[in-house]
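Fold and geometry: a report
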Amino acid sequence: MTILVTGAKGFIGKNLIVVLKNRHDNDIFEYDIDTDPALLEAYCKKAEFVFHLAGVNRPKDQSEFMEGNFGFTSTLLDTLKKHHNTCPIMLASSIQAELDNPYGISKKAGEELLFQYGKEVGAKVLIYRFPNVFGKWCRPNYNSVVATFCHNIAHDLPIKVNDSSVLLSLVYIDDVVNELINALDGKGNMVGDYYRVPITHSVRLGYIVELINSFKQSRINGYIPDMKDPFTKKLYSTYLSYLPEDQFKYPLKMNVDNRGSFTEFLKTEERGQVSVNVTKPGIIKGNHWHHSKNEKFLVVSGKAIIRFRKIDSKEVIEYQVSGEKLEVVDIPVGYTHNIENVGDTDLVTIMWANEPFDKDKPDTFALKV
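Numbering of residues starts from 1 in every chain and runs along the sequence as written. Local features in this predicted model are restricted to residues of pLDDT 70 or higher, and side-chain atom pairs are both shown and tallied only at a pLDDT of 80 or more, whereas totals for entire chains, interfaces and linings draw on every residue. Computation of side-chain values: all heavy atoms of the structure, hydrogens and water removed.

Each pair of strands is called paired provided DSSP finds at least two bridges between the two strands. Secondary structure elements are defined from DSSP: runs of H or I of at least 4 residues count as helices, runs of E of at least 2 residues count as strands, and each element is numbered from the N terminus. Taken in spatial order, the 6 strands line up as β11-β12-β13-β20-β15-β18 in an open sheet, and their pairing is antiparallel. Only two strands of the sheet have a single partner each, and these edge strands are β11 (254–257) and β18 (328–331). Put simply, the sheet's adjacent strands are angled 20° from each other on average, direction ignored. Pairing between β11 and strand β12 (residues 260–268): 4 bridges, direction antiparallel. Among the inter-strand pairings, N255 is bridged to a residue of β12, identified as F262. Interaxial angles span 0 to 180 degrees and are taken between N-to-C directions of axes, which are lines fitted to C-alpha atoms, for helices over the stretch in contact.

This is how it looks when you write it as structure tokens:
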């Protein structure tokens, strides 16, 4: 399919184009403000589908709203008509088209122009009234509060919150692109006269700030946010895309002694924590048991013997494990246990516990196997 994308270098355009290119069966014409206007003729002649994403939302002068959101739409449609091209055309509008402000008025004018065009030439028109769109590659300190807050908090810059109780209607860029691909395939989600992204999120501004700050703190305290919440998962991905490029890595606190080291890697409130345990050759670690706390050990490098003994028994159970064959060993409650490095190199073990370590309630009791 031959596809024309206007606003190709914009936030939605960039995300859409990379997905279209991954489909491997499309010829894509990319048109933006710095494209040679003469190319619009050739593009409109050959296009089999048009994603009209170009528009103005933060002009130097308010008159540019109408010029960018109505004027170029008129030019685009006139060019399609000139070449008798009645291919489907999608328009990126805004929920603000319902409002009486310069931006909303210009968006509404563009919508009406497209509806009129569809009736006149018989072309299928798909008008999407997007709420606030967030995700990777959105320009910060421009027209997206989510992009601004993610960027500024990640870069230790100040943010301004006038009213934390403001309720925002948000859509995630991947959900937007998925819907646009559905529209291309004739499966767009139409409601009344308009099309919409079926997955939206209503979130208060103050909660967004709280979440983003928690993401920043997670690199210090190790706590990963609750990824079962769809909005949190999407916002966390967005936040990471705004990290300074010289700060992708961050240190962990290593607890080091002559036996090796123990380092907490990730923590969650609901799914426990993951740690990395390094044991020197010949060293035995552990010799303790738990009432309710349970663990999983995975040796990823080296050779080890893991021993168990039920605390009211004299029978010792042994498991030999190594990094050559990855096997998980469950550590049941009520069994004192240890792990011994029986190899010649450092033993590296990934350890999962069903709860984060609490120094006030460690549920750990010393007892030799």
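Here, a salt bridge means any Lys or Arg side-chain nitrogen found within 4 Å of an Asp or Glu carboxyl oxygen. Enumeration according to the criterion identifies 20 salt bridges in this entry. Between D78 and K81 there is a salt bridge whose closest N-O contact spans 3.9 Å. Residue D78 and its partner K81 are both found in helix α3 (residues 63–82); the two are separated by 3 residues, about one turn of the helix. Judged by its relative accessible area of 43%, D78 falls in the partly exposed class. Buried means the residue's accessible area, taken with a 1.4 Å probe over protein chains only, is under 20% of the maximum for its type, while exposed means over 50%, and partly exposed covers the values in between. Taking relative accessible area as the criterion, K81 reaches 29% and is therefore assigned partly exposed. When salt bridges that share partners are traced, they join D78, K81 and E120 into one network.

Once that is clear, we can look at the packing of aromatic side chains. Ring pairs shown here join Phe, Tyr and Trp side chains whose ring centres sit within 6.5 Å, with only the six-membered ring taken for Trp; geometry is labelled stacked below 30 degrees between planes, edge-to-face above 60, and tilted in between. Scanning all chains against the criterion turns up 14 aromatic pairs. Considering the side-chain rings of F29 and Y43, the 4.5 Å spacing of their centres and the 10° angle between planes classify their relative orientation as stacked. Taken together, the residues span a long stretch of sequence, with F29 in strand β2 (residues 27–31) and Y43 in helix α2 (residues 39–46) at a distance of 14 residues. Taken as a pair, F29 and Y43 share a single burial class, namely buried. By way of ring pairs, the aromatic residues F29, Y31, Y43 and F72 are connected into one cluster. The residue whose ring lies beneath K136 is W137, and the NZ or CZ to ring-centre distance is 4.8 Å. Charge-over-ring placement is defined geometrically: NZ (Lys) or CZ (Arg) within 6 Å of the ring centre, and within 35 degrees of the ring normal. One residue, R139, lies across the ring of Y142, its end atom 4.0 Å from the ring centre.

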